[in-house]
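In case you want the letters, here they are:
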Amino acid sequence: MTRQLDALPFPGTPSPGLDLRRAVDTALAAMITPPTAAAARSLADDLLGALARTAATGDTCLVLAAAEAVGLARGHLMANREIEARAALVRARGLLDRR
């Protein structure tokens, strides 16, 4: 069962998936040039941290499709598949923009 946002958030409260959105933006900016293997692992670790923080705040259910896309991007980064990783991050960003 997923939690639904029935009303707009109170002013001053962060939007669901804010940590994830910031991590995706950072990763996309870092991937303007092809990352080295070490840089790709570092980006994957940063994305994992953002997924963990999103889960800790209870927001994963609100941004589940985006979280899944970030997890997929993370797997692609670990396998040195930069094009697929970038595509998954762009998809995640699009899903997060709708929140």
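Please read these numbers as outputs of a predicted model, since none were measured by experiment.

This next bit is on the pattern of salt bridges. Across all of its chains, the model carries four salt bridges by this definition. With its nearest N and O atoms 2.7 Å apart, the salt bridge here joins Asp19 to Arg53. A residue pair is termed long-range when its members are at least 10 positions apart, and Asp19 in helix α1 (residues 18-30) and Arg53 in helix α2 (residues 37-56) qualify at 34 residues. Look at Arg53 and you get partly exposed, because its relative accessible area is 42%. A single salt-bridge network, built from bridges that share partners, covers Asp25, Arg93 and Asp97.

The geometry of helix α3 (residues 64-78) relative to helix α4 (residues 82-97) is characterised by a closest axis approach of 8 Å and an angle of 165° between their N-to-C directions. Relative to α4, the element α3 is oriented roughly antiparallel. For the pair α3 and α4, the crossing hand works out as left-handed. For the pair α3 and α4, the contacting residues are Ala65, Ala66, Ala69, Val70, Leu72, Ala73, His76 and Leu77 in the first and Glu84, Ala85, Ala88, Leu89, Arg91, Ala92, Leu95 and Leu96 in the second. Residues belonging to the contact of α3 with α4 are distributed by class as follows: 13 nonpolar, one polar and two charged.

The next thing to look at is α1. The terminal C-alpha atoms of α1, which comprises 13 residues, lie 18 Å apart, in line with the 18 Å expected from a rise of 1.5 Å per residue. Residues Leu20, Arg21, Ala23, Val24 and Ala27 constitute the buried set of α1. Take α1 and look down its axis: the buried residues cluster within an arc of 165°, on one side only. Exposed side chains of α1 directed beyond 90 degrees from the buried face belong to Arg22 and Thr26.

Conventions we followed
- Residues numbered from 1 in each chain as written.
- Predicted model: local features only at pLDDT ≥ 70, side-chain atom pairs only at ≥ 80, totals over all residues.
- Heavy atoms only, no water.
- Salt bridge = Lys/Arg side-chain N within 4 Å of Asp/Glu carboxyl O.
- Helix = DSSP H or I, 4+ residues; strand = E, 2+ residues; numbered from the N terminus.
- Buried < 20%, exposed > 50% of the residue type's maximum accessible area, 1.4 Å probe, protein only.
- Axes fitted to C-alpha atoms, helices over the stretch in contact; angles between N-to-C directions.
- Parallel < 35°, antiparallel > 145°, perpendicular 65-115°, else oblique.
- Left-handed = near helix turned anticlockwise from the far one by under 90°.
- Contact = heavy atoms within 4.5 Å.
- Nonpolar A, V, L, I, M, F, W, Y, C, P; charged D, E, K, R; others polar.
- Expected span 1.5 Å × (residues − 1).
- Arc of directions from axis to C-beta.

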